[in-house]
Amino acid sequence: MFEVVIGLEVHTQLNTNTKIFCSCSTSFGDEANTHVCPTCLALPGALPVLNKEAVVKAISFGTAVNAKINRRSVFNRKNYFYPDLPKAYQISQFEVPIVEGGELFIELNGEKKRIGITRAHLEEDAGKNIHEDGRSLVDLNRSGTPLLEIVSEPDMRSSDEAVAYLKKLHSILRFLNISDANMQEGSFRCDANVSIRPKGDPKFYTRVEIKNLNSFKFIQKAIDYEVERQSIAWEDGKYEDEVYQETRLFDTTNFVTRSMRGKEDSAEYRYFPDPDLLPVLVDDEMFERGTNIPELAEQKVARYQAEFGIKEDDAKNLTSSIEMARFFEDLLAAKISPKLCVTWLLVELNGRLKNGVTIETSPINSAKMIELLTRIQDSTISGKAGKDVLDYLMDNPSEKVDDVIEKLGLKQVSDDGAIIAIIDKILSANADKVAEYKAGKEKMFGFFVGQVMKEGKGAFNPAKVNELLKARI
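Together, Glu-235, Asp-236, Glu-240, Asp-241 and Glu-242 line one region of the surface with negative charge. Within the secondary structure, Glu-240 is located in helix 4 (residues 239-242). Given a relative accessible area of 72%, Glu-240 falls into the exposed group.

Below is the structure:
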């Protein structure tokens, strides 16, 4: 039996407005090579100037994972041929990173596990190579976008643990609001270092690096394939021939890893301090800004349970994304009862989001949901009628809730006279059951309520029906 050893390197783009060493925009999806300047094109004489906001955001991450923040760090030149990085070297941090050490905790099958973080350092992103119609093009819009590279300890022992770690990391970045961490756009991507060893053997064996994984599904499949490949090689006596230190890519069509190149060691990058950049000195103002971080998902879960009496599973679902948490807190700020918020957000609205639609792209925003829940809370409509209104709004989100209620004829009747007339009619037609109730058969009260609501075609306010029925009976 083998034990799996996994360490992850995550590259996440920081959501600054401009690049890390120049003032070009970091906007995504614009026409190729429109956000470039002499600095990010590496023209002679152009010098880098550090973006202060990238440093503050790196400090925020370090604070969130209980890391040491180095008040003095250094940028280095990492020499390597990059076809999509005009300088032919990358400005990164090597000997002294901005963030050192740290940890986060994952939970799997009810058990918590600590995953150590070695370091997190600032660097610049490369551009993007585009291969089409038999030619290769390069878009340098992304070149120079600030990256935070987060390096874990080799503490994960399965692909499930690796995915749990990445999801936790993704959540931290989003709740800190330092990266959009959009995997489809490449602003959160991962390199996985995978090796195996006989169970109980403390030695680390040859690790293989799988590059540029950008979905949780592919990360899991890539790791599982690589573990199987290495295990088979070991069992067949071919481990030393087939498993060597290299970089591999994951084929997302056939779900296999393929050799890309031999893995470089740090010496091969010929790191040296960048002569154009002074050491980064974090002053008190920057340190205070960076360490003053917002509430993270775990803290929100604890607060929702303590403050609103919400069940743990519901609290975790409400913090499954920053968008969900913001939606929930918008409802609370409008004085909607927590119980109503949980039901209508997690069950009713979430249950209607299909075909890849998320809370972020939902046609019903928090303002519209506040309109609806206010009308349920003030008894203008019943909860049952609210579901009909929500169904209608899913297809017609621009309409006002009050107009939809009117259009669908769902407004509850709270007029005492109309309700009393129906109550008296029901009681007269069921004199025998009235006698049973008065003789002590209290369950009959539910029968009377049901009959009155049925006669009122669901338009009567249930609370008002109960109140008047008790008085009349």
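Following the structure, the description resumes.
Attention now goes to the nonpolar core. Phe-61, Leu-122, Ile-150, Tyr-165 and Met-369 are the most contacted members of the largest nonpolar core, which has 102 residues in total. Looking at which element gives the most residues to this core, the answer is helix 2 (residues 159-176), with 9 residues. Excluding residues within four positions of it along the chain, Ile-150 makes contact with Leu-8, Glu-9, Val-10, Thr-12, Phe-61, Ile-117, Arg-119, Ala-120, Tyr-165, Leu-169 and Leu-173. Counting 17 residues, the second-largest nonpolar core is a separate cluster that includes Ile-423, Val-434, Phe-448 and Met-453.

Note: strand 9 (residues 128-132) against strand 10 (residues 135-139), 5 bridges, orientation antiparallel. Residue pairing across strands places Lys-128 opposite Asp-139, the latter belonging to strand 10.

This brings us to the packing of aromatic side chains. As enumerated under the stated definition, the model contains 14 aromatic pairs in all. Taking the centre distance of 3.9 Å and the plane angle of 0° together, the rings of Phe-94 and Tyr-271 count as stacked. On the criterion of sequence distance, the pair formed by Phe-94 in the loop between strand 5 (89-92) and strand 6 (99-100) and Tyr-271 in the loop between strand 15 (256-262) and strand 16 (272-273) is long-range, its members being 177 residues apart. Relative to Trp-234, the ring of Tyr-205 lies with its centre 5.1 Å away and its plane at 70°, an arrangement referred to as edge-to-face. In this pair, Tyr-205 is assigned in the loop between strand 12 (188-198) and strand 13 (208-213) and Trp-234 in helix 3 (residues 216-235), connecting sequence segments 29 residues apart. Among the residues examined, Tyr-205 registers a relative accessible area of 22% and is labelled partly exposed. Among the aromatic residues, those joined into a cluster by ring pairs are Phe-2, Tyr-205, Trp-234 and Tyr-239. The ring of Tyr-269 carries the charged tip of Lys-78 above its face, separated from the ring centre by 4.4 Å. Its end group placed over the ring of Phe-255, Lys-221 keeps NZ or CZ at 5.0 Å from the ring centre.

Calculation criteria
- Residues numbered from 1 in each chain as written.
- Predicted model: local features only at pLDDT ≥ 70, side-chain atom pairs only at ≥ 80, totals over all residues.
- Heavy atoms only, no water.
- Patch = residues over 30% accessible without salt bridge, like charges linked within 9 Å, V, L, I, M, F, W, Y side chains within 5 Å.
- Areas by Shrake-Rupley, 256 points an atom, 1.4 Å probe, with all protein chains shown as cover.
- Salt bridge = Lys/Arg side-chain N within 4 Å of Asp/Glu carboxyl O.
- Lys, Arg positive; Asp, Glu negative; His and termini not counted.
- Charge placed at Lys NZ, Arg CZ, Asp CG, Glu CD.
- Helix = DSSP H or I, 4+ residues; strand = E, 2+ residues; numbered from the N terminus.
- Buried < 20%, exposed > 50% of the residue type's maximum accessible area, 1.4 Å probe, protein only.
- Core = buried A, V, L, I, M, F, W, Y, C linked by side-chain atoms within 4.5 Å.
- Contact = heavy atoms within 4.5 Å.
- Pairing = 2+ DSSP bridges.
- Phe/Tyr/Trp six-rings, centres within 6.5 Å; stacked < 30°, edge-to-face > 60°.
- Lys NZ or Arg CZ within 6 Å of the ring centre and 35° of its normal.

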